[in-house]
Amino acid sequence: SNRATAVEGALKIGEAVKLHASNYEVEEFLHGPVFPINPDYTVFFYDSNDEAGERILQVYRAVKKVTNRAYLITDRDLDDPDTIKTDIHIAEPLNPLAYLAVAPLIADHVSETLNTQIGFPPRRTIKQDVSTKSEKHPRGAEEVQPLIF
């Protein structure tokens, strides 16, 4: 249920911090292109608060043995300083909405810490030659025709 939350979180962190951020479902993470991880990785886990939650917790704890930059976003009462805890239990269908707010806060904090909020040279270079929709079409993308298959 939190896959879309992870997608949006990676996007926000990538935009604000100016570093590549990927998102994976927990089993895909174990078997995907980023495994094995290394101590320089920073990894955020979203607790699903459903039957997959125990597996997420298990993988989170294993990853903490590799990197000290692993964090769990959850509503569980865990004796773990690396959890980002909500104050109330959020049922599985609703927790993506609550957890979605965490990524921009993290992105803002990291961006401020790394001082990436100021102009980013590669982006400025590209933007000199390529405008975005909002710059080219301030009222939106009314002139863009949809593709119909």
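Every value quoted in this text rests on a predicted model; they were computed, and no experiment measured them.

Q: Before we move on, can you summarise the overall build of the protein with the specific residues and values?
A: Helix and strand counts for the protein stand at 7 helices and 3 strands. What you see in the protein, going N to C, is helices and strands ordered as α-α-β-α-β-β-α-α-α-α. Burial statistics for the protein: of 149 residues in total, 31% are counted as buried. Considering only intrachain contacts with a sequence separation of at least 6, the fraction spanning at least 24 residues in the protein is 57%. Summing over all exposed atoms, the protein offers an accessible surface of approximately 10,300 Å²; the carbon and sulfur share of this is 58%.

Q: Which residues make up helix α5 (residues 102-114), and what values go with them?
A: Given a rise of 1.5 Å per residue, 13 residues ought to cover 18 Å, and the 18 Å separating the end C-alpha atoms of α5 matches this to within 8%. Val 102, Ala 103, Ile 106, Ala 107 and Ser 111 are the residues of α5 that are buried. For α5, the angular spread of the buried residues around the axis is 155°, confining them to a single face. Turned more than 90 degrees off the buried face of α5, the exposed positions are Leu 105, His 109 and Glu 112. As for α5, its buried residues are in contact with α1 (3-17), β1 (43-46), β2 (70-74), β3 (83-85) and α4 (95-100). Looking one or two residues beyond α5, the residue adopting positive phi is Asn 115, at roughly 60°.

Quick notes on the rules
Residues numbered from 1 in each chain as written. Predicted model: local features only at pLDDT ≥ 70, side-chain atom pairs only at ≥ 80, totals over all residues. Heavy atoms only, no water. Helix = DSSP H or I, 4+ residues; strand = E, 2+ residues; numbered from the N terminus. Buried < 20%, exposed > 50% of the residue type's maximum accessible area, 1.4 Å probe, protein only. Contact = heavy atoms within 4.5 Å. Areas by Shrake-Rupley, 256 points an atom, 1.4 Å probe, with all protein chains shown as cover. Expected span 1.5 Å × (residues − 1). Arc of directions from axis to C-beta.

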